[in-house]
Amino acid sequence: MHKFWLIFKREYLSRVKKKSFILVTLLTPVAIAAFSAVVGFITAMGSQVELEILVRDESGIFEQSAPENGRINYTFSQKDVEDLKRTYQEDGYNMLLVIPPVDELDQRTFNGMYYSPDKPSLSALESIEGKIARAFREAKIRQYALDEKVLEGLRTDFDLENGEIRDNPTEKKAGKLNIIIGTVLGGLMGFLMYMVIFIYGGMVMRSVMEEKVNRIVEIMISTVRPFQLMLGKIFGVGAVGLTQLAIWLVLIPVLLTVVTLFLPGGDPQSMAQMAEGMQQVPTEDLDDFNVNAFIREFFGMNWGLILPVFVLFFFGGYLIYSSMFAAIGSSISEDMGEGQQLMLPIVMIVLVAFYMLFPVLENPNGSLAAFASIFPLFSPIVMPARLAFDPPIWQVFLSLVLLAGTVVFFIWLSGRIYRIGILMYGKKASFKEIGKWLFYKG
Amino acid sequence: MPILELDGVTKAYKDQVAVDHVTFDIQKGSIFGLLGPNGAGKTSLIRIITTITGADDGKVIFDGEPLSSHHPEQIGYLPEERGLYKKMKVGEQLLYFAQLKGLSRPDALKRIKGLLGRFEIGDWWDKKIEELSKGMQQKIQFIATIVHEPKLIILDEPFTGLDPINTNLIKSEIRKLNQNGTSIIFSTHRMEQVEEICEDIVLINKGKNVLEGRVADIKEKFKENVFHLEYEGQLPDILNGDFHAERFGEQALRVRIEEGKNANDLLSVLIKHDLAIKSFREVLPSLNEIFIKQVETIEHA
């Protein structure tokens, strides 16, 4: 055990103290924050159009509505249109808006003209159109002598909710929002697992190869058992991964918050303006997507189950795949090409699991989802994705038990390959050859 | 009392027998030569002794106990293919190896500092291995091998890649360790070094031990009654009957004495003919000759 810790410590410290590790770990969140800051800045700049508009409203409807001035300022004039076209730029306006006279309000679409030396942005145009359309709608309401309250009363929605959860008062409401959060969260967790397997699994493989190629391994295993060395390495690199992820988990949200708070375009007013500009988004969706409801739903998820189970699957998946990578690293020598050939089956399994995420998230409690989240080679990627959808608890436990068994099996299997592989030089490692190693005596 | 006893040790791989019923003892405090041509099974044997692999058959007794996994802490092994962590600093690396061999951190620190001083590289602590030359790396590797003061040190070709100065430094270090009671296995095919350093040897070929014993005894056993003679003046024509002589330079001869005669018979004949003898000595075969002869005999058999 003492030796395991020594190896673990060396594997961990030698990586964590590396300049490249420190740079990547600290710069990735900074880069993400900087990227979002730049994107936010650009969007904010884009939405900060300040327009001075001169309006010749021959219908009088828009003028009557007395539009509020903000970033877009409306000034009304009664002069002749042709005169205005000539002079509006000299008078300091960016745009001239002409609304023709309206005889009959009883139609759906009205037309107007704008004149501008520069092309106005789509969002600016839509914002102006929206304002005028609202004025026309109000005029129509007045003309038909309608009651605003009656009109409001006509707006109708119909929501479908999960009845089973409704009937059970202890459960939280599982609405559409819950499904959206679950899908995003599940996708993120599945993707995270996929990344972890390749990044840190690859790290284990390179580390094993380095010891073999540098012939350190002969000294090492004349002192410690190969199995101890392999485990120390797998856990050491795993701890490096955890450290990196933990730092990111703290730094990324913190930096992103800082960026949104201190950057122009991050303040609520311009956010509202941006939302106003985004008329393309159907309003019903926005109604549903209310920030408070989102936060309520997000914190209402069963984190007490999701987090610990996610961590367990995280370890399980990492251990299974990194031990396979260790075995591969021990079987090859300098030739990376050989390694790629041996890695192919692993890559395929992981890819299949990854692509299963999409149908599983579509139907998180279907039979494919149940199978994929229990089969131990897929479960580390698929089960975390299902967790947000409250899968049956027995499936979670069955999956965990199978995972634990598989972890033990693969570590044992890889250990047997590793102990032979690290001392084999010059022999081309094929699957047949590696298969034989399994049965060699110590 | 032997530090290591091997009795019928056998190890077979799929397609060949690497070690075939090898039996020998290594006495405590001796410098023992493990000789053999390439591919003879030396490395396989060393891997068994260092518990890297297990023997299929036979017994290995280390210091009176059957060899087990705690013994490597009392063994120092310098493999032929050297290896150090390139990115690690000299000090860290030695500390790591020493602790793996069971030393506590403070003990390890003290010993490493001492050894670095003795090798006059006390200021290398913070140097990275990759910054050092090959010969320098080898010094570090040697220190890593002896830092835990093992009872048995196994050196596989310890002098390859070293310049004469460093070779002498390591040689004298080996002798010093030996004087302090450390047993040493010295594996090589450089015979002149074996003759210089080793007291006992075993010769392995094709997995079997074909020859073992004290260097002096073996030479005695393989001598062919050949004498080297230097003289002055004219050589009388007397030597092609009972003595088989060959010229060996201007004023020198090599004479083989047939069975039943001895050196005195030869000398009395020479003295009778009034030859001025400058020197006379028995020619013992070099280990190199014995080695080649043994290996070839087995090849042809």
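Note that the coordinates shown come from a computational prediction; the quantities given were computed from them, not determined experimentally.

## Here we look at the overall build of chain B
Alright, step 1. Counting its secondary structure elements, chain B contains 9 helices and 14 strands.
Alright, step 2. Principal-axis analysis of the C-alpha atoms gives chain B an extent of 75 × 45 × 35 Å.
Alright, step 3. Looking at chain B as a whole, 50% of its 301 residues qualify as buried.
Alright, step 4. A separation threshold of at least 6 residues defines the contact pool for chain B, and within that pool the share at least 24 residues apart is 67%.
Alright, step 5. If you sum the accessible surface of chain B, you get close to 14,700 Å²; carbon and sulfur atoms cover 47% of it.
Alright, step 6. Side-chain charges of chain B comprise 39 positive and 47 negative groups, with the mean position of each set lying 6 Å from the other.

## What about a nonpolar patch on the surface?
Residues and elements named next belong to chain A.
Alright, step 1. A grouping of Leu249, Val250, Val254, Val258, Leu261 and Phe262 is seen on the molecular surface, where their side chains present a nonpolar patch of about 660 Å² in accessible area.
Alright, step 2. The residue valine 254 is located in helix H10 (residues 226–262) in this model.
Alright, step 3. With a relative accessible area of 44%, valine 254 lands in the partly exposed category.

## Points about the domain arrangement of chain B
Alright, step 1. Splitting chain B by domain gives domain 1 (2–220) and domain 2 (224–283).
Alright, step 2. The C-alpha centroid of domain 2 of chain B is placed 45 Å from the C-alpha centroid of domain 1 of chain B.

## Details of the interface of chain A and chain B
By a widespread convention, an interface's size corresponds to the accessible area lost as its parts come together.
Alright, step 1. On the side of chain B, 27 residues touch chain A, which itself brings 22 residues to the contact.
Alright, step 2. Of the roughly 2,500 Å² buried where chain A meets chain B, counting both sides, 58% is carbon and sulfur surface.
Alright, step 3. Three residues stand out in chain A for area buried against chain B, namely Arg10, Glu218 and Ile219 of chain A, and they jointly supply 24% of the buried area on that side.
Alright, step 4. Across the chain A-chain B interface, the total number found is 4 salt bridges.
Alright, step 5. Summed over the shared surface of chain A and chain B, the number is 5 residue pairs in polar contact (both at pLDDT 80 or more).
Alright, step 6. Those elements that place two or more of their residues in the side of chain A that touches chain B are helix H1 (2–16), helix H8 (176–213) and helix H9 (216–221) of chain A.
Alright, step 7. Along the lines of polarity and charge, the residues of the side of chain A that touches chain B split into 9 nonpolar, 5 polar and 8 charged.

## Quick look at empty space enclosed by the protein
Leftover empty space is mapped by rolling, across the atoms, a probe with the size of a water molecule.
Alright, step 1. Enumeration over the complete set of coordinates arrives at 2 cavities of 30 Å³ or more.
Alright, step 2. Approximately 80 Å³ is the volume found for the largest cavity.
Alright, step 3. As for the largest cavity, its lining consists of Ile219 of chain A together with Ile75, Gly76, Tyr77, Phe97, Lys101, Gln141, Ala144, Thr145 and His148 of chain B.
Alright, step 4. Sorting the residues of the lining of the largest cavity by element identifies strand E6 (75–78) and helix H4 (134–146) of chain B as the ones contributing at least two each.
Alright, step 5. Class assignment for the residues of the lining of the largest cavity results in 5 nonpolar, 4 polar and 1 charged.
Alright, step 6. Empty space within the second largest cavity amounts to approximately 40 Å³.
Alright, step 7. In terms of lining, the second largest cavity is formed by Leu35, Met191, Ile201, Leu203, Leu211, Leu287, Ile290 and Phe291 of chain B.
Alright, step 8. Broken down by secondary-structure element, the contributors of at least two residues to the lining of the second largest cavity are strand E9 (200–205) and helix H9 (287–300) of chain B.

## A look at the nonpolar core
Alright, step 1. Counting 165 residues, the largest nonpolar core has Leu4, Phe24, Leu45 and Ile140 of chain B as the members making the most contacts within it.
Alright, step 2. Counting residues per element, this core draws most heavily on helix H14 (residues 303–331) of chain A, at 15 residues.
Alright, step 3. Setting aside chain neighbours within four positions, we find leucine 45 of chain B in contact with Leu6, Val9, Val19, Val22, Phe24, Leu34 and Ile204 of chain B.
Alright, step 4. Counting 17 residues, the second-largest nonpolar core is a separate cluster that includes Tyr74, Ile99, Ala135 and Ala139 of chain A.

## What about helix H2 (residues 90–100) of chain B?
Within an α-helix, residues lying three or four positions from one another point in the same direction, as the helix has 3.6 residues per turn.
Alright, step 1. Burial analysis of H2 of chain B places 10 of its 11 residues in the buried class, the great majority of the element.
Alright, step 2. Just past H2 of chain B, the residue glycine 102 of chain B takes up positive phi, approximately 100 degrees.

## Details of the packing of aromatic side chains
Alright, step 1. Scanning the model with the defined rule gives 29 aromatic pairs over all chains in all.
Alright, step 2. Seen in terms of ring centroids, phenylalanine 8 of chain A and tyrosine 12 of chain A are 6.4 Å apart; in terms of plane orientation they differ by 5 degrees. Their pairing is stacked. Taken together, the positions of phenylalanine 8 of chain A and tyrosine 12 of chain A, both in helix H1 and 4 residues apart, correspond to about one turn of that helix.
Alright, step 3. The residue whose ring lies beneath lysine 113 of chain B is tryptophan 125 of chain B, and the NZ or CZ to ring-centre distance is 5.1 Å.
Alright, step 4. Here lysine 171 of chain B stacks its cationic end above the ring of phenylalanine 159 of chain B, 5.9 Å away from the centre of that ring.

## Quick notes on a negative patch on the surface
All names here are of chain A.
Alright, step 1. Together, Glu138, Asp147, Glu148 and Glu152 line one region of the surface with negative charge.
Alright, step 2. In this fold, aspartate 147 is placed in the loop between helix H5 (122–143) and helix H6 (148–154).
Alright, step 3. Exposure remark for aspartate 147: the relative accessible area of 44% places this residue in the partly exposed category.

## Here we look at the pattern of salt bridges
Pairs can form between side chains of opposite charge once their charged atoms are near each other.
Alright, step 1. Applying the stated criterion across every chain yields a total of 27 salt bridges over all chains.
Alright, step 2. One salt-bridge network, held together by shared partners, links Arg10, Glu11, Arg15, Glu211 and Lys233 of chain A.

## A short note on the packing of H10 of chain A against H14 of chain A
All names here are of chain A.
Alright, step 1. Interaxial distance between H10 and H14 falls to 10 Å at its minimum, and their mutual angle equals 130 degrees. Considering their axes alone, H10 and H14 lie oblique with respect to each other. Along this stretch, H10 crosses H14, giving a crossing that reads as right-handed. Across from Met230, Ile234, Phe235, Val237, Gly238, Leu242 and Leu245 in H10, the residues of H14 making contact are Phe314, Phe315, Tyr318, Leu319, Ser322, Ser323 and Ala326.
Alright, step 2. For the contact of H10 with H14, the class distribution of residues is 11 nonpolar, 3 polar and no charged.

## What about the environment of phenylalanine 397 of chain A?
Residues and elements named next belong to chain A.
Alright, step 1. Tracing the backbone through its elements, the reader meets phenylalanine 397 in helix H18 (residues 393–421).
Alright, step 2. Owing to a relative accessible area of 51%, phenylalanine 397 belongs among the exposed residues under this scheme.
Alright, step 3. Along the primary structure phenylalanine 397 and serine 14 are separated by 383 residues, whereas in three dimensions their C-alpha atoms are 37 Å apart.

## Section: the confidence of the model for chain A
Residues and elements named next belong to chain A.
Alright, step 1. With 86% of its residues at a pLDDT of 70 or more, chain A shows a mean pLDDT of 81.
Alright, step 2. Contacts from residues 265–270, a stretch scored under 50 in pLDDT, to residues over four places away or in other chains number 6 contacts.
Alright, step 3. Taken together, the stretch residues 276–288 has pLDDT below 50 and engages in 9 contacts with residues farther than four places along the chain or on a different chain.

Conventions used here
- Residues numbered from 1 in each chain as written.
- Chains lettered and ligands numbered in written order.
- Predicted model: local features only at pLDDT ≥ 70, side-chain atom pairs only at ≥ 80, totals over all residues.
- Heavy atoms only, no water.
- Helix = DSSP H or I, 4+ residues; strand = E, 2+ residues; numbered from the N terminus.
- Buried < 20%, exposed > 50% of the residue type's maximum accessible area, 1.4 Å probe, protein only.
- Contact = heavy atoms within 4.5 Å.
- Areas by Shrake-Rupley, 256 points an atom, 1.4 Å probe, with all protein chains shown as cover.
- Lys, Arg positive; Asp, Glu negative; His and termini not counted.
- Charge placed at Lys NZ, Arg CZ, Asp CG, Glu CD.
- Patch = residues over 30% accessible without salt bridge, like charges linked within 9 Å, V, L, I, M, F, W, Y side chains within 5 Å.
- Salt bridge = Lys/Arg side-chain N within 4 Å of Asp/Glu carboxyl O.
- Domains from an automatic or database assignment.
- Buried area = accessible area lost by both parts, 1.4 Å probe.
- Polar contact = N/O pair within 3.5 Å; in protein donor to acceptor, adjacent residues only side chain to side chain.
- Nonpolar A, V, L, I, M, F, W, Y, C, P; charged D, E, K, R; others polar.
- 1 Å grid on protein atoms, 1.4 Å probe; cavity = no way out; pocket = protein on both sides within 12 Å on 5 of 7 lines; lining within 4 Å.
- Points joined across faces, edges and corners; volume = space filled by probe spheres on them.
- Core = buried A, V, L, I, M, F, W, Y, C linked by side-chain atoms within 4.5 Å.
- Phe/Tyr/Trp six-rings, centres within 6.5 Å; stacked < 30°, edge-to-face > 60°.
- Lys NZ or Arg CZ within 6 Å of the ring centre and 35° of its normal.
- Axes fitted to C-alpha atoms, helices over the stretch in contact; angles between N-to-C directions.
- Parallel < 35°, antiparallel > 145°, perpendicular 65-115°, else oblique.
- Left-handed = near helix turned anticlockwise from the far one by under 90°.
- pLDDT = per-residue confidence, 0-100.

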